[in-house]
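# Coordinate inspection notes
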Amino acid sequence: MKTLKIIKIGGNIIDDDDALQQFLKAFATIDVPKILVHGGGKLATKLAQQMQVEVKMIDGRRVTDQMTLDIITMVYAGKINKNIVAQLQANNCNAIGFSGADGNTIVSDLRPSKPIDYGFAGDVKKVNTETLEILLNNAITPVFCAITHDKNGQLLNTNADTIASELAIGFASIYRAELYYCFEKNGVLENVNNDDSVIENINAKSYQPLIENGIIYEGMLPKLNNCFHAVNNQVQKVCIGKSDMLFDKNNTHTTISK
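Presented here is a report on the structure given in the accompanying data block. Computed from a predicted structure; not experimentally measured.

The rules behind these values
- All residue numbers refer to positions counted from 1 along the written sequence of the respective chain.
- Since the coordinates come from a predicted model, pLDDT governs what is reported: local features require at least 70, and pairs of side-chain atoms require 80 or more to be given and counted, while whole-chain, interface and lining totals use all residues.
- Each side-chain value is worked out from all heavy atoms of the structure, with water and hydrogens disregarded.
- For helices the rule is a DSSP run of H or I covering at least 4 residues; for strands it is a run of E covering at least 2, with both sets numbered from the N terminus onward.
- Only protein chains enter the accessibility calculation, which uses a 1.4 Å probe. A residue is then buried if its area is under 20% of the maximum for its type, exposed if over 50%, and partly exposed in between.
- Residue contacts are counted whenever heavy atoms from the two residues lie within 4.5 Å of one another.
- Only the stretch in contact is used when a helix axis is fitted, and all axes are lines through C-alpha atoms; the angle between N-to-C directions ranges over 0 to 180 degrees.
- Should an angle fall under 35 degrees it is called roughly parallel, over 145 degrees roughly antiparallel, and 65 to 115 degrees roughly perpendicular, with every other angle called oblique.
- Crossings are sorted by hand: turned counterclockwise from the far helix by less than a right angle, the near helix makes the crossing left-handed, and turned clockwise it makes it right-handed.
- Put simply, Ala, Val, Leu, Ile, Met, Phe, Trp, Tyr, Cys and Pro go in the nonpolar bin, Asp, Glu, Lys and Arg in the charged bin, and everything else, Gly too, in the polar bin.
- Whether a set of points on the 1 Å grid over the protein atoms alone is a cavity depends on a 1.4 Å probe fitting there but being unable to get out, while an open set qualifies as a pocket with protein on both sides within 12 Å along at least five of seven lines; lining residues are those with an atom within 4 Å of a point.
- Grid points are joined across faces, edges and corners, and a volume is the space filled by probe spheres set on the points.
- Take the buried residues of types Ala, Val, Leu, Ile, Met, Phe, Trp, Tyr and Cys, join any two whose side-chain atoms come within 4.5 Å, and each joined set is a nonpolar core.
- When DSSP finds at least two bridges between two strands, those strands are taken to pair.

## Re the overall build of the chain
Helices and strands together make up the secondary structure of the chain, namely eight helices and 14 strands. Relative to its full complement of 258 residues, the chain shows a buried share of 49%. The contacts in the chain between residues at least 6 apart in sequence include a share of 70% that link residues at least 24 apart.

See the structure below:
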């Protein structure tokens, strides 16, 4: 069974032009089928402020009204996605940009308005791999932004970590799927103020005490929930850390397992 790497990059790479350029140059050298998923970075917030559109966040998640949806569609699916695709082409990596609507690849449901109304936010319902398989079989790399659709003409703001996890699960019966979450830390940290305090392995048994002791909290919780969702659904390998872990197997990072 062929390996497929699904790699998600966050705002720390997207917001830094040099870091993004270096990452994409290295990413282009990965010689197995691969899918890149990117978040939105700070650009959508900056544009909203310039347009005098209020930015509402609840528990670190963006509330997406119609104007905000228009802005993030322009930024995520437009500016950021096409910039990444163009840079990959410059590095001889043939790529195509995607939202979930393109090729009907990711269908979501509108998130219920209770207990919290996040507006036009989507929860992934189905990943359709057929179109993507054709591309992967022809050495073309899909690049996904954090937008899906509901099959009724409505675009939905969708968590990029979740998109990466659901893509990995969708391909797990076809490929040896590996999922990598790249962010600014070396991995999941035992002490948030010490970058060297990486917890190198987390499994279902060790996860709960880490939550109970307040070591894992806030933004790391949904990320790890996505990780366990993946490993519990046939994804062979799930890692969190700096993007260096993709290119140096001895680089310190966190591996999630059952």
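## A closer look at the packing of helix α2 (residues 17–27) against helix α4 (residues 66–90)
Put simply, α2 and α4 touch, their axes get as near as 9 Å, and they point 50° apart. As judged from the angle between their axes, α2 and α4 are oblique. When you trace α2 past α4, the crossing you get is right-handed. Contact with α2, carried on its side by Leu-20, Gln-21, Leu-24 and Phe-27, involves Asn-83, Ile-84, Gln-87 and Leu-88 of α4 and no other residues of that element. Counted by class, the contact of α2 with α4 contains five nonpolar, three polar and no charged residues.

## A short note on the layout of surface pockets
A water-sized probe, rolled over the atoms, reveals where empty space remains. In this structure, the largest pocket encloses a volume near 1200 Å³. Taken together, 37 residues make up the lining of the largest pocket; nearest its centre are Lys-8, Gly-60, Arg-61, Asn-159 and Asp-161. Looking at the lining of the largest pocket, the elements with two or more residues in it are α1 (11–14), β4 (61–62), β7 (122–127), α6 (160–171) and α8 (220–231). Per-element tally for the lining of the largest pocket: the top contributor is α6, with four residues. Among the residues making up the lining of the largest pocket, the classes are represented as nine nonpolar, 16 polar and twelve charged.

## A short note on the nonpolar core
Within the largest apolar cluster, 76 residues are counted, with the highest numbers of intra-cluster contacts made by Ile-6 and Leu-167. Top contributing element to this core by residue count: α4, with nine residues. Filtering out sequence-adjacent residues up to four positions away, Ile-6 remains in contact with Ile-35, Val-37, Ala-164, Leu-167, Ala-168, Ala-177, Glu-178, Leu-179 and Tyr-180.

## What to know about the environment of Leu-167
Mapped onto the fold, Leu-167 is located in helix α6. On the accessibility criterion, Leu-167 (0% relative accessible area) is buried. In this structure the C-alpha to C-alpha distance between Leu-167 and Pro-112, which are 55 residues apart in sequence, comes to 22 Å. Every residue in contact with Leu-167, bar those within four places of it in the chain, is listed here: Ile-6, Ile-35, Val-37, Ile-106, Val-127, Leu-132 and Phe-144.

## As for the side chain of Asp-161
Within the fold, Asp-161 resides in helix α6. Overall, Asp-161 belongs to the buried group, its relative accessible area being 10%. Contacts of Asp-161, omitting those with residues within four sequence positions, involve Lys-8, Tyr-181, Lys-223 and Asn-226.

## As for the pairing of strand β13 (residues 237–241)
Burial analysis of β13 places four of its five residues in the buried class, the great majority of the element. In this sheet, β13 lies alongside strand β11 (residues 176–182) in parallel orientation, the contact comprising five bridges. Across the sheet, the residue bridging to Leu-179 is Val-238, located in β13. Where β13 lies against strand β14 (residues 254–256), three bridges are found, and the strand directions are antiparallel. Looking at the pairing, Cys-239 lines up with Thr-255 of β14.

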